[in-house]
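# Analysis of the macromolecular model
Chain residues, written in single-letter form:
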Amino acid sequence: MKWIKRIGLLLVAIVLVAVLAITAFALTFDPNDYKPQIAAQVEKQTGRSIQFNGDLSVTIFPWLGATTEDVVLANAEGFEPDAMLTVKRLEAQAALLPLLRGEFEIGTLLLEDAEIHLTRHEDGASNWDDLVERSAESTEESSDEPETVEPQDGDGPAMLLTVGGVDIRNATLHWRDEQAGQELTVDELDLTTGELADGAPTDIELVSGFRLAMPDMPVLSGSVDLTTRAQLWLERQDMLFEDLELNLVTGQEGDASADLPERIEAMLEIEKADVRAGKSQARLDGVVLDLNGKGVGPLTYLESRLETVLEADWAAGRYDLPRLSLEAALKGVPNVGETVQVAANAALAADLQAGTATVDDLELSSDPVAASGRLDISGLDSGELVAAGPIEVAGFDPRALADRLGMTVPEMRSDEALSRFALRGEVDVTPSRAMLDDLRVTLDDNELTGRAGIDDLESGRLFARLEGGDFDANPYLAPKAAGDKDDKKASGSGEGGSAQSRAAAEDAEIELPVEALRGLDLDARLKFASLRYEDYRLSSPVVHLTAAGGRLQLAELSAGAFDGSIDATGTLDVRGDVPSYAAKGRVDGVSLQPLLTALMDEDRLLGRGDVGFDVTTQGKRVDQLKSGLDGDAGFALRDGKVKGFDVGYLLRRAQARLEGKTEPEPEELSTDFTSITGTATIRNGVVTNDDLAGASPLLRVAGEGQVDLPRESLDYRLTATVVNTATGQGGKELERLKQVPVPIRIEGSFSDPSISLDMESLAKEAAKGEAKKRIEEEVDKRLGEDSPVKGLIKGLGL
């Protein structure tokens, strides 16, 4: 048995020698002696030089680890600065004894004062491209080696990995993108975690600052703060985050820009985030995002909260938000003194592989407006977005909305006017248009149907085709003032104050929204079954407006009105410095008095008539429009009366003066006519007519002259001839003037014209007529009624 004892003693001696050898090695080993070999190996693997400027220390038991300080990894060639990565202190260690049990237990990984520079040049080259290439080459070489047989279930226990934690202190990341002209710095980054073990919960906390500079934008700076409790299952690639909180604060440096918010505070909370990366699935519960901003666009302050639940399968491209709600308080809305509350709710589902999405149970509200709808969306995979679905705006009081927005509604004749508005239609959105089809708009008791929207997204052209029933415009007109009609008549009485006020109005520049009109792209047509305005009714009125490039066209203006029809077109052109206007149209078979009363508050012309016109003008003021008026016009009036002007009375007064008598003025001055026709040319605001022809049972009238619109004056000459003394206004009293041309002159201002007779010419013509009459009577007496000589004498003008 002595050999057994000897063998035991030998084994003890071997163990003692081994322990002494290991102890001696630990006491005498200096890892700094191997820095050149380590640096050479790193350079071989990365192609970059590395410097260990500090001490390198190694521990063996109970932790196998290494610590180094002041490490510098060189940057790629052609990039600045010289160092891509610098680390002031790096510490890593692993427990030795657990390795013997198949467990890999790492202590806390410490990284202090690390600074990394990432750069992309204008040509797209980055300072990590070479590292990626070498890593890819290494992977290819590994794939060429003979495959090793992986242990199957039951072949042995899997390696267990435990990390005591991660402790990153005061790290800095510099990112410079020369292509985009952007620079981002993440500084003062601190990251701490608890123990990281498979399936074990751990706390994670991250804090950092940042600074972002972009071209033509103010510099943004701020901070990020993240805390959560996490569990990781490495083999299953599952992650569970609970009570996640992320806070982001950012603001502008220096002079604030209106293009960006002055300050933003974002706070994200997720109650539970279950991420199953192996299956490409995730579910987020209790998601709450609070977003507050100062100086957001026109708003002085914004407070908002979004709440949702998210289910995602990114491998299949499916995302569901079964509950999504948004509430926002907007402060500083222009012209609104109080805070505006906005709310939205919806359920969203998207299938990105199919390129489709649905928005169900959509609700939008901001008192007093509330809308609801549903959208089916396609084309998400191709970029050719298409959306369709019903949308409805519930009835609300527009006056209440105007009050909320700080707007003043003009006073109207009815308090019930503009008290209810509602809308519903079908959304039709494609890459080229955004329309509402099957549109139904309700305004008080009126309804419009059709379609409207933007029919060309590239140009932004507004489009509308709307039709309505019987529309009464009277409730929406300004209230009538007491004595309004009398005041209008008084204003034309020629008093100095009225003339001065009219002159001031004409000298005032017409305020056109020129820039808005130049940018307006429009094609809108509105039609009613009938339109009531004051006491007048228009049947089937149509208004069609188009606009593009600063040219606004009245493509159609038509209606059955005043017992006739109106059809006109027009143009307003603001492309130049001075606006220009054009109008062309016809008025057929209308009753003259109601038409002129409606248009000009003028009731002195009765009858029916046809009028045609084609005129142009230009100017910035009313007086310029008058003086620049050019064009042509024509008219044909019939079966009417001109009030305030009595040709019969003028003739009777003329005859009385010839006889040395007086003629009393009738109670009503008026002239009946069977027809009045004529044409006119207009040049520089002066209307010239030389073919006026009027007829009545008593008279024939011819006229010529000018009307000067800029000076508001006229110079016109009429020649009236009595043709039938048996009928007409006082015909029997004018027997002496029968067939005698009576010259009448109308001249002076519009407000106070002078109407006079040329008595000298009248006397001469009357004498000629009397002499002729007596000669004819004497010829008849001497030669007889049927004498051929009598015909010869008349043929000679005798």
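Here's a quick rundown of the structure.

Parameters and conventions
Just so you know, the residues in each chain are numbered from 1, in the order the chain's sequence is written. The model is predicted, so local features are restricted to residues of pLDDT at least 70 and side-chain atom pairs to those at 80 or more, both for listing and for counting; the totals for chains, interfaces and linings are taken over all residues. Calculated side-chain values reflect all of the structure's heavy atoms, with hydrogen atoms and water omitted. The helix and strand labels rest on DSSP assignments: H or I over at least four residues marks a helix, E over at least two residues marks a strand, and numbering proceeds from the N terminus. A simple rule labels every residue: compare its accessible area, found with a 1.4 Å probe on the protein chains alone, to the largest value its type can have, and call it buried under 20%, exposed over 50%, or partly exposed in between. Note on contacts: a residue pair qualifies if any of its non-hydrogen atoms lie within 4.5 Å across the two residues. Methods summary: accessible areas were calculated by the Shrake-Rupley approach with a probe of 1.4 Å, and residue burial reflects only the protein chains presented. Any two strands are treated as partners once DSSP identifies two or more bridges connecting them. A helix is expected to span 1.5 Å multiplied by its residue count minus one. Our arc is simply the arc of the directions from the helix axis toward the C-beta atoms. Only Phe, Tyr and Trp rings take part, Trp by its six-membered ring, and two of them pair if their centres are within 6.5 Å. Stacked means planes under 30 degrees apart, edge-to-face means over 60, and tilted covers everything else. Each patch is built from salt-bridge-free residues with over 30% relative accessible area, joining like charges within 9 Å and nonpolar side chains (Val, Leu, Ile, Met, Phe, Trp, Tyr) within 5 Å. Here a salt bridge means any side-chain nitrogen of Lys or Arg lying within 4 Å of a carboxyl oxygen belonging to Asp or Glu.

Looking only at helices and strands, the chain has 13 helices and 37 strands in total. In the chain, buried positions account for 31% of the 798 residues. A fraction of 50% describes how many contacts in the chain between residues 6 or more apart in sequence connect residues 24 or more apart. Surface summary for the chain: the accessible area is close to 46,900 Å², and the carbon and sulfur share equals 54%.

In this section: the pairing of strand β35 (residues 713-722). Two strands pair when backbone bridges link them, and strand β34 (residues 699-708) and β35 are joined in this way by 10 bridges, in the antiparallel orientation. Within β35, the position partnered with Asp708 by the bridge is Ser713. If you look at the hairpin formed by β34 and β35, you'll find four residues sitting between the two strands, and Glu712 has a positive phi there, around 55°. The sheet contact formed by β35 and strand β36 (residues 741-749) spans nine bridges and is antiparallel. By the bridge assignment, Ser713 is partnered in β36 with Ser749.

Turning to helix α2 (residues 35-46), a few remarks are in order. Three- or four-residue spacings in an α-helix give side chains the same orientation, since the helix completes a turn every 3.6 residues. Along its 12 residues, α2 runs 16 Å from first to last C-alpha, staying within 8% of the 16 Å computed at 1.5 Å per residue. All buried positions along α2 are accounted for by Lys35, Ala39 and Thr46. End-on view of α2: buried residues confined to an arc of 45°, all on one side of the axis. Looking one or two residues past α2, Gly47 carries a phi angle of roughly 80°, positive in sign.

Moving on to the packing of aromatic side chains. Enumeration according to the criterion identifies five aromatic pairs in this entry. When the ring of Trp128 is compared with that of Trp175, the centres are 6.0 Å apart and the planes differ by 45°; the resulting orientation is tilted. Linking Trp128 in the loop between β6 (115-120) and α4 (129-144) with Trp175 in strand β7 (residues 160-177), this pair joins segments that are 47 residues apart in sequence. Aromatic pair Tyr536 and Phe562: ring centres 5.4 Å apart, planes at 55°, arrangement tilted. Within this pair, whereas Tyr536 is found in strand β26 (residues 536-548), its partner Phe562 is found in the loop between β27 (551-561) and β28 (564-573), the two being separated by 26 residues in sequence. Owing to a relative accessible area of 13%, Phe562 belongs among the buried residues under this scheme. By way of ring pairs, the aromatic residues Phe471, Tyr476 and Phe528 are connected into one cluster.

On the surface, a nonpolar cluster with roughly 250 Å² of combined accessible area is contributed by Leu526, Val543, Leu545 and Leu557. Mapped onto the elements of the fold, Leu545 is located in strand β26. Judged by relative accessible area, Leu545 falls into the partly exposed class, the value being 31%.

Tracing the sequence through the fold places Pro741 in strand β36. Sequence spacing of Pro741 and Leu718 is 23 residues, and the spatial spacing of their C-alpha atoms is 9.6 Å.

Across the junction of Glu80 and Pro81, the peptide omega takes the value -5°, indicating a cis bond. Structurally, Pro81 is set in the loop between β3 (63-74) and β4 (83-95). Following Asp367, the chain continues to Pro368 via a peptide bond in cis, the omega torsion being 10°. Note that Pro368 resides in the loop between β18 (356-366) and β19 (369-378). A positive phi angle, close to 55°, is found at Asp216, a residue other than glycine. Residue Asp216 is classed as exposed on the basis of its relative accessible area of 79%. Here Asp438, not a glycine, exhibits a phi torsion of approximately 50°, which is positive.

Fair warning: the whole summary comes from geometry, so function is off the table for now.
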